Amino acid sequence: MTCRFAFLIYVLFSVSLYAQSPTTSNTKNLVGRFSTGWNYYTKGNSLSPQLNSFNNYVFLNYRVFDPNSQEVKYQFKFDFYEKTALSSTRSVTEGNQFQNRYVVKQLYASYGDNYRQIKIGRIIPMINVVDAYPINGFSAENIRVGNWFDVSAFGGTINDYYKNDPLGNGYNYGFSALHQCARWSVGAGFTGEKFETTVLTKAYLYGDYKPVTNLRLYHRTQYILNEKLIGYSQSNAYYKFSKKLNIRTTFDYRNRTTQFPARNDTLSPIDKYFYSSTEKNISTTVNYQIFYNRRIGMMDISPTLKKRFGNGDLFYADTRLLYRNYLFVRLNVGLKGSYTSNQWLKNIQSSLWLNRDFLTNKLDATLLYNLNSYRWNIKTSSGNHLLSIVSADLSYRFSKDFFTALTLSEEFGNATDPHTSVFVRLNYYLR
């Protein structure tokens, strides 16, 4: 749990940096990103079996523009990931036993822009009506048919992220049709798949309705045809009362047997329970702007309530308070408190973080303190546990294209796995 929290900070930071890469904001043919980094953990009982490792990423995108419209006409993309483990925990999991891993996530050629395009190669289909695995094959995404439908189709062998061979773990194919209007859109689709030993055929229904500017309704359902059951059903309602107040409510039903089919060698009652459970979730989040003043900044509060029925039952509540000031220096102050209760534990958590920039926006610094007080709901539990996490997240921008990031995290308390972690990363953008 605690290692996951520290790693989440790092992932969110890396993703935010990655999202800044402007792959479509200029007309240069070749754009991309190069990143190299070092990850280090001091304890072996963590979620990451590679305690000491190097990670390298390469993303290249070569584009050919239409000379008249200046829109993208052809693209060639390469997305590569490499990991070298210098030291690892001992694990019986076969996928964790490695020293070097080379993964080509995407390598394909495409025709069309970033929304309507035809891809061939090692791809991740981007189709909002149906679910698709990463595959070795082709996809035709959002191809306009007349003035009524956007049609999509894909097919290929499932991309195995632990191997670079074209066979992978099975196959996946499908198609969908989406009709869009100014205020609403409806869609339907079908997929077939074989993942390892599990064969499924699925049908999808999709709907998005925005009757007025401040209300949006969304729904999506997956139905397993050969099993004759609902895989999941998701509904989302968003309403904006004013500039200061909005609310979002989500209803979610999931049959976990369709996502995690039980293995033949699964004997543990806990595992059997996990693989065979269904769950229903309802959550509501309210966002309210307490005040806004150009001199003293702005403050927002966001309470969330979530209840899960099934899969152990879960109750979760949190409240986040965020203050932002941009008058003299950019300063963000956040405070969060949450309570979680399920079949495994009861956990009370509080967090405080400070973020600001220095040296004329070249240096960005975030300090975070997180305190967990939890108790396991098992007979052998030894009472309440306290676990604290202190982390510092720093990034320095040498230029608009080159910057470095450093995350230091320390866990301490009477938990089962207090440890120190270090993440260092260099990023360079080819714009």
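Our structure is the block above this text.
Residues numbered from 1 in each chain as written. Predicted model: local features only at pLDDT ≥ 70, side-chain atom pairs only at ≥ 80, totals over all residues. Heavy atoms only, no water.

Novice: What is the right way to read the pattern of salt bridges from this model?
Specialist: Tallied over the full model, the rule gives 10 salt bridges. Among the ionic pairs, D150 bridges to R116, the shortest N-O distance being 2.8 Å. One end of the pair, D150, is in strand β7 (residues 149–158); the other, R116, is in the loop between β4 (100–112) and β5 (117–123), with 34 residues separating them in the sequence. Among the residues examined, D150 registers a relative accessible area of 1% and is labelled buried. With a relative accessible area of 28%, R116 lands in the partly exposed category. Here R320 and D318 are joined by a salt bridge, their closest N and O atoms 3.5 Å apart. In this structure R320 comes out as partly exposed when scored by relative accessible area, which is 32%. (Salt bridge = Lys/Arg side-chain N within 4 Å of Asp/Glu carboxyl O. Helix = DSSP H or I, 4+ residues; strand = E, 2+ residues; numbered from the N terminus. Buried < 20%, exposed > 50% of the residue type's maximum accessible area, 1.4 Å probe, protein only.)

Novice: Would you mind showing me how to read the side chain of T304 here?
Specialist: Relative to the assigned elements, T304 resides in strand β15 (residues 297–309). Residue T304 is classed as buried on the basis of its relative accessible area, which comes to 9%. Here R320 takes part through its side chain, which lies 3.1 Å from a polar atom of the side chain of T304. Here T304 is in contact with T284, T285, Y316, A317, D318 and R320, once residues within four sequence places are set aside. (Polar contact = N/O pair within 3.5 Å; in protein donor to acceptor, adjacent residues only side chain to side chain. Contact = heavy atoms within 4.5 Å.)

Novice: Please explain the nonpolar core as it appears in this structure.
Specialist: Among soluble globular proteins, nonpolar side chains are generally buried collectively. Counting residues in hydrophobic clusters, the biggest one holds 11 residues: Y108, I123, I127, V129, V130, I135, F154, L178, Y204, Y206 and Y232. Residue contacts for Y232: discarding those within four places in its chain leaves D131, Y204, R220, T221, Q222, Y253 and R254. (Core = buried A, V, L, I, M, F, W, Y, C linked by side-chain atoms within 4.5 Å.)

Novice: Would you mind showing me how to read unusual backbone geometry here?
Specialist: For residues that are not glycine, phi is negative in most cases, and the peptide bond is trans in most cases. A positive phi is found at Q70, a non-glycine position, where the angle reads about 60 degrees. With respect to the element layout, Q70 can be found in the loop between β2 (50–65) and β3 (72–88). Judged by its relative accessible area of 42%, Q70 is partly exposed. Phi at L359 takes a positive value of approximately 55 degrees, unusual for a residue other than glycine. Within the element layout of this structure, L359 appears in the loop between β18 (345–358) and β19 (363–376). According to the relative accessible area criterion, L359 is exposed, its value standing at 55%.

Novice: Would you take a moment to explain the packing of aromatic side chains for this structure?
Specialist: Any two aromatic rings considered together are summarised by their centre-to-centre distance and by the angle between their planes. One pass over the structure, following the stated rule, counts 16 aromatic pairs. Considering the side-chain rings of Y41 and F423, the 5.8 Å spacing of their centres and the 75 degrees angle between planes classify their relative orientation as edge-to-face. Linking Y41 in strand β1 (residues 30–41) with F423 in strand β22 (residues 420–430), this pair joins segments that are 382 residues apart in sequence. For F423, a relative accessible area of 1% gives the class buried. Between Y173 and F190, the aromatic rings sit 6.4 Å apart at their centres with planes inclined by 50 degrees, giving tilted as the arrangement. Of this pair, Y173 sits in strand β8 (residues 170–180) while F190 sits in strand β9 (residues 184–195); the two residues are 17 residues apart in sequence, bridging distant segments of the chain. Residue classification places Y173 among the partly exposed residues on the basis of a relative accessible area of 38%. In this structure F190 comes out as partly exposed when scored by relative accessible area, which is 23%. Taken together, Y171, Y173, F175 and F190 form an aromatic cluster joined through their ring pairs. Above the plane of the ring of Y232 lies R254, whose end atom (NZ or CZ) is 5.1 Å from the centre. The cationic tip of K307 hangs over the ring face of F309; the distance from NZ or CZ to the ring centre is 5.3 Å. (Phe/Tyr/Trp six-rings, centres within 6.5 Å; stacked < 30°, edge-to-face > 60°. Lys NZ or Arg CZ within 6 Å of the ring centre and 35° of its normal.)

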